[in-house]
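Topology and contacts: notes
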2 protein chains.
Amino acid sequence: MKKIYFLLLVFTYTFAAHAQSADEATIKKIYDEALSRGQSYEMLRELTTKAPARLSGSPNAAAAVEWSRHTMKELGFDSVWLQPVMVPHWIRGKKEVAKILTKKRGVVDVNILALGGSIGTGGQGIAASIVEVKDFEELKTLGEKGVKGKIVFFNRPMDPTLIQTFAAYGGAVNQRGAGPSEAAKYGAVAAIVRSMGSNPEDYAHTGGLRYAPNVGKIPGVAISTNHADLLSQLLKEEKDLQVYIETNCEILPDAPSFNVIGELRGTESPNEIIVVSGHLDSWDVGEGAHDDGSGCVQAIEVLRIFKAMNYKPKKTIRAVMYMNEENGLRGGIEYAKQVELRKNTKEKHVAAMESDRGGFTPRGFTMSATEEIENKVKSWKPLLEPYGLTDFNGKGGGADIGPLAPLGVPLFGYLPDSQRYFDYHHTQEDTFDKVSKRELELGAAAMAALTFLIDAKGL
Amino acid sequence: MKKIYFLLLVFTYTFAAHAQSADEATIKKIYDEALSRGQSYEMLRELTTKAPARLSGSPNAAAAVEWSRHTMKELGFDSVWLQPVMVPHWIRGKKEVAKILTKKRGVVDVNILALGGSIGTGGQGIAASIVEVKDFEELKTLGEKGVKGKIVFFNRPMDPTLIQTFAAYGGAVNQRGAGPSEAAKYGAVAAIVRSMGSNPEDYAHTGGLRYAPNVGKIPGVAISTNHADLLSQLLKEEKDLQVYIETNCEILPDAPSFNVIGELRGTESPNEIIVVSGHLDSWDVGEGAHDDGSGCVQAIEVLRIFKAMNYKPKKTIRAVMYMNEENGLRGGIEYAKQVELRKNTKEKHVAAMESDRGGFTPRGFTMSATEEIENKVKSWKPLLEPYGLTDFNGKGGGADIGPLAPLGVPLFGYLPDSQRYFDYHHTQEDTFDKVSKRELELGAAAMAALTFLIDAKGL
C-alpha cells in the first residue's frame, strides 16, 4: 500500500511537473513568436497612419473599423464581424484660442483644448475674470458670491508622490469630469481645468466631461500644465486678471458605428468565450497610439500568435475592438447587452481581458473575479514572472469590459508600467513614435500567455 | 517567567514593527523628495546640453568634469574633489563613408560608425569583396582561403527572444569587441559588424573594440541593423559584391582627465564609505543621456535628497562619476587602486552601487556580495517592492565598480527595465528627450532608498 501510495505520489508529481513544463514551453513559444515574428508593431503603424485621431463618429473612426475588419480577415480568423452601435458625435471645430489679459505683461497666449463633450463658446468667445480653486470644497466655500460670472480655474495637480500614475490621475480627474458642472452650479461662465499630465508640458490633455443633469452647461477646457502654472503665477501678481477663451466645438446627433470582432473558434468548448480587447476610438488629437491603438493590435496579435504557432484553443478566443470608450462607452455597453440577450443560449463568457493602459513594458495583470479565480491565476505566477509579470495585486479589468462584470464574467486588465502614460494620454503627443516595439510586443505576448493559461487550464 | 517572555516578545515585535515603519517613513520621504522636488532631470538637461558626446579625452569630457564638480559644490556637499587619471584619446575624425557596389542596383550608401579604438582606413578608404558570417566558428571554417583580402561582415543579430536585452547584447557583442582581430587572423582587411541594436534601425551603434595582441590591426565599423539586413540581402543577390568603407579615426596619445567625487561625511562612522556612482564619459555620438548621464545625475541626486530631507547619514555617502568606462575603464581601475593604497588606513568601503543601465523605470537591483549580505538585502524587499523594485536575482554591480570586487567590496547595480536600452545605446539617438522625467527620478529614489537601508541597518 505504502509503495502504491509512493508511486502514485511520484506519478502525480511527475505529471504535474510535466504539465508545468509543457505550459512553460507553450508560453516560451508564444513569446518567441511575438518577439521574433511579431506583427503588433507594424499593425499599429498602419492603424495610426491610416486612422489617427479616431474620435467616435468621425471619418477616421470609420476608417479604423474598416482597417480592423480587413486586417482580421486577412489574418484568416474563423469569423470577423461588425456589431452596430450608435455613438456620440462631438467635434472640436476650429482650433481653440486662449489669452490671459494682464496689465503688467500684456496679452499672454496659452495652450488649451476643449474638453470632449463640451459646448463651445462660439466665435465671440468668453472673457471674464478668473478664480482659482484646488477642489470642489474650495469652490463651495467661495460660493455664488465668489464665482458668479467668472471663469473657474481648477488647478489641482496630479500628485507626483503617488508611484502609480493612475492613482494620481484618479485623484485629480474629477476636476475635468465634473468640474464644469460644479462651477456652473455657482454661476460660473466657463471652466479651465489643469491638464491631467504627470509633468511640466506646453501641450494640453483633452478628455471627457460629464454635464450634470439640471445644471446649465458651460464650456470646459483643459490648459497645459506649464500654462496652468503660469496662469496661477499671473493670478498671484494680478488678482483681477481677465481670461479670454474661444472654442468652436459642437455636439452633433448620434452617429452609427461598430464594435469590430474577430474570433478563433474553440475546438473543444466553442461556446465558452474568452474576450481579449482594446478600444478602437481615440481622442481627436494625436494618433491614439498608446490609447488605445496598442490595446487593439495586441488583441489581434493574441489570435495571430495562436494561429501562427498552430495552437488550437479549446475555447473560442475572441478579439474585440470596442467603439467609443473615450466619450460614452457605448461599444462596451452594447457588447454586454448582446451577451445578456444570449444568456439563455449555451454561449458563456468565461473571461474578458482588456489592454487600455498603453503599450508599455509589462508589470502584471489586474483582476476582478471571485477570490477563488484570483487565487488560481496567482498560482500561475511562476509561469509568468520570468516575463516581468510580477504584479497581480490590482483590482479592475478595463472600462469597456466593465459592463460584463454584472453578468459575472471574470475580468482581467493587462497592466503595463504606468510612468510614461500621462505624458501622452489624450494629447497631440500620443503618436506611433512614442511606442517601443519590444514593449508593445511583450504586452501582446503577456496577454496571449494568460489567455492560453485560461484556455488550457480553465478558471 | 512566561509572562516576562511574552512581554519581551511583544516588546521585540513592537520594536521591530516600529523600526520597519520608521524605515518605511524614511523611504517614503526619499521618494516624495525625488518626485516632488527632484533635480535629477534638470541636472541631466544641463549635463547633456553643456557636455554632450563626452568621449574620454575630448573637450566635452573636460566640460563634464567641470560641470560635475561645480554642481556638487553648489549643492553644498561636504567635500568635492577630482581624482586624476590618464585616459585613452580616440577621435572619430571626419564622418565615415560606406558604399555597397552592386552590379544590379548600382552604388548603395549605408550608415556606419567606426568602432571606438579602431584604426582608420584613411582618406583612400578600403574597397574589397565581402564575406558574411554569423560567428567565429563560421569564420574559422572559412579560414584564410575564404577570408584573405576580404572584408568580414559579422551579422549575428541580438536574440530577440531573450526577455532581458542585456542577455541578448551579451550573446552578440563578441562580434564587435573581438570580431576585427578574429577576422584579421585570417587575413581580412576590415570588419563590418552588425549594430548591437534590438530593432530595425537606420542608425549605427558604435562601441569599443579590443585588438588582440600579436595580430595586425584592421579597421572595424558598425553598420545599422537595417543596412546589415540590406547588405545580407544584396549578398544573396550578388555573391561577389564589393564594399567601400572610409573611416578617419585616430588613436592619439593618452590624455589627462579625472574622476569627480563628492561626499556627505558620515556622522557616526565617517570612515565607512558607501559609493553611489555612474560614469561621466559617453560615446562621441548622441548626448550620453541614458548612457550614462542618467547614472551620474542619479548618484548626485542621492546625496542631494539626503541633504534636502536633512538625513544625516551614519556612514560617508560618496557620489563618484568615473571617467572612461566606454573605452578603457581607466577611471574605475584608478578609483579601486586608490582604495587599495589606503587599505591600511581606517577607511573602509562597505558598499558600492552603480547605475549604468539607463534612466528607465525601476525593476530592482543586481548584487555581487556574500550570500549572507545578499540575503540581508533581499530581506528588505517588502520595503522596496511598493516602488516597483521586485527583481533582486541578477548578479553583478557595474563595470566601473567591478575593480572593487577583488577588494571585497559588496557591489550593487541599479536595475531598470531593459527593453528600450538598446534602441539608444551608443547611438546618435541617446539624447535627453529620450529620458522620462519620472522614470529617471524613480531610479534616483531607488538608489537613495537602498543607500539609506545600507547606511541605517548595515550589511
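What counts, and at which threshold
- Residues numbered from 1 in each chain as written.
- Chains lettered and ligands numbered in written order.
- Predicted model: local features only at pLDDT ≥ 70, side-chain atom pairs only at ≥ 80, totals over all residues.
- Heavy atoms only, no water.
- UniProt positions renumbered as here; feature names shortened; annotations may be inferred.
- Helix = DSSP H or I, 4+ residues; strand = E, 2+ residues; numbered from the N terminus.
- Buried < 20%, exposed > 50% of the residue type's maximum accessible area, 1.4 Å probe, protein only.
- Lys, Arg positive; Asp, Glu negative; His and termini not counted.
- Salt bridge = Lys/Arg side-chain N within 4 Å of Asp/Glu carboxyl O.
- Contact = heavy atoms within 4.5 Å.
- Least-squares fit on C-alpha atoms with pLDDT ≥ 70 in both.
- Pairing = 2+ DSSP bridges.
- Axes fitted to C-alpha atoms, helices over the stretch in contact; angles between N-to-C directions.
- Domains from an automatic or database assignment.
- Buried area = accessible area lost by both parts, 1.4 Å probe.
- Polar contact = N/O pair within 3.5 Å; in protein donor to acceptor, adjacent residues only side chain to side chain.
- Nonpolar A, V, L, I, M, F, W, Y, C, P; charged D, E, K, R; others polar.

In the nomenclature of an unreviewed UniProt entry, chain A is known as Carboxypeptidase Q of Chryseotalea sanaruensis. The annotation that UniProt attaches to chain A under Subunit (unreviewed entry) is "Homodimer. The monomeric form is inactive while the homodimer is active."

A few words now on the side chain of A:Glu325. All names here are of chain A. Secondary-structure assignment places glutamate 325 in the loop between β12 (315-322) and α10 (330-341). Of the side chains with opposite charge, arginine 176 lies nearest to the buried glutamate 325, which makes no salt bridge, at 8.3 Å. With residues up to four places along the chain from it excluded, the contact list for glutamate 325 reads His279, Asp281, Asp356, Ala399 and Asp400.

Our next topic: the relation of the copies chain B and chain A. When chain B is fitted to chain A, the residual RMSD is 0.0 Å, and the transformation amounts to a turn of 180 degrees plus an axial shift of 0.0 Å. Classification of the inter-copy transformation places it as that of a two-fold axis. The position closest to the rotation axis in chain B is occupied by the C-alpha of B:Thr390, lying 3.9 Å away. A shared interface surface links the copies, since 100% of the contact residues of chain B are contact residues in chain A too.

All names here are of chain A. Taken in spatial order, the eight strands make up an open sheet running β3-β2-β9-β5-β6-β7-β8-β4, and their pairing is mixed. Each edge of the open sheet carries a strand with a single partner, namely β3 (107-109) and β4 (112-114). Taking each pair of neighbouring strands and ignoring which way they run, the sheet shows an average axis angle of 30 degrees. Taken together, the four bridges between strand β5 (residues 126-133) and strand β9 (residues 242-246) define a ladder with antiparallel strand orientation. Opposite alanine 127, over in β9, you have tyrosine 244 as the bridge partner.

All right, on to the domain arrangement of chain A then. Residues and elements named next belong to chain A. For chain A, the domain assignment lists domain 1 (29-90 + 253-457) and domain 2 (93-248). Relative to domain 2, the C-alpha centre of domain 1 lies at a distance of 33 Å. Counting residues at the interface gives 14 residues for domain 1, matched by 24 residues for domain 2. A buried area of about 1600 Å², summed over both sides, lies between domain 1 and domain 2, and 60% of it is on carbon and sulfur atoms. If you sort the residues of domain 1 by the area they bury against domain 2, Trp90, Phe422 and His426 come out on top, with a joint share of 39%. Counting across the interface, domain 1 meets domain 2 through zero salt bridges. At the surface where domain 1 touches domain 2, the tally comes to eight residue pairs in polar contact (both at pLDDT 80 or more). No other element matches the three residues that helix α13 (residues 421-424) contributes to the side of domain 1 that touches domain 2. For the side of domain 1 that touches domain 2, the residue count by class is five nonpolar, six polar and three charged.

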